[in-house]
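Notes for the structure review
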Amino acid sequence: MKFNVNTPEETMSYGKKIANYLKPKDVILLDGDLGAGKTTFTKGLAEGLGIKRNIKSPTFTIIREYQDGRLPLYHMDAYRLDDGSGDELGLEEYFNGDGINVIEWSNFIENELPSDYLKIIFKRDDSKGDNYRTIDFHPKGEHFNKIIKESYLEK
Ligand code: ADP
Ligand code: MG
């Protein structure tokens, strides 16, 4: 399911909306080039979870944890990871834990991902302006298919 947006706020609103449907252990994969809107989307998602802290890109820290919302948010950036380094990082424990896992650049650890997840692909199209983005949702598994149906189909 694909949507067009024209402002960062609009991208955030998609994250905010989906936050209402999430439960512990959920894994959200955010893919797309630098500046495509992955972290912006995460800001909206965090807002939807009631997190008040400012969301910063986890590029250098790999994982940032936010505990002040309805559920913990584990925001990860896999750009610097090698596939196979999940153990070191305790990825499995995060996936089986008590919070929501949001992973930017998930393609770098594609062999370490669980079977069910919501993948979201962000793209720019400069011919349509600086702020234009497409946001494409690819749910895998029953839970995420249901979320997409309930949250977006009737938009
Ligand atoms: P990423 O995490 O994918 O590298 P960011 O979310 O950090 O991307 O950065 C996106 C940048 O693009 C921000 O500076 C944001 O303000 C800008 N931007 C402009 N239009 C949009 C839009 N429609 N959606 C998301 N970000 C946008
Ligand atoms: Mg980012």
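Structure's up top.
Below is a short write-up of the structure. Predicted, not measured: the structure shown is a model, and the values here were computed from it.

**Here we look at the nonpolar core**
- Counting 28 residues, the largest nonpolar core has Ile 18, Ile 28, Phe 41, Leu 45, Leu 73, Ile 120 and Phe 137 as its most contacted members.
- For this core, the secondary structure elements donating two or more residues are strand S1 (2-5), helix H1 (8-19), strand S2 (27-31), helix H2 (38-48), strand S5 (100-104), strand S6 (117-124), strand S7 (133-140) and helix H5 (142-153).

**Focus on the site of ligand 1**
- Within the structure, ligand 1 sits among 16 residues, and Thr 11, Gly 35, Lys 38, Thr 40 and Asn 131 are positioned closest to it.
- Between ligand 1 and the protein, one listed contact pairs an oxygen atom with a side-chain N or O atom of Thr 40 at 2.6 Å.
- Because more than half of its atoms lie within 2 Å of the grid, ligand 1 is assigned to the largest pocket.
- At the level of elements, H1 and H2 are the ones that each hand at least two residues to the shell around ligand 1.
- If you tally residues by element for the shell around ligand 1, the top one is H2, at 3 residues.

What counts, and at which threshold
Residues numbered from 1 in each chain as written. Chains lettered and ligands numbered in written order. Predicted model: local features only at pLDDT ≥ 70, side-chain atom pairs only at ≥ 80, totals over all residues. Heavy atoms only, no water. Core = buried A, V, L, I, M, F, W, Y, C linked by side-chain atoms within 4.5 Å. Buried < 20%, exposed > 50% of the residue type's maximum accessible area, 1.4 Å probe, protein only. Helix = DSSP H or I, 4+ residues; strand = E, 2+ residues; numbered from the N terminus. Near = heavy atom within 4 Å. Polar contact = N/O pair within 3.5 Å; in protein donor to acceptor, adjacent residues only side chain to side chain. 1 Å grid on protein atoms, 1.4 Å probe; cavity = no way out; pocket = protein on both sides within 12 Å on 5 of 7 lines; lining within 4 Å. Sits in = over half its atoms within 2 Å of the grid points.

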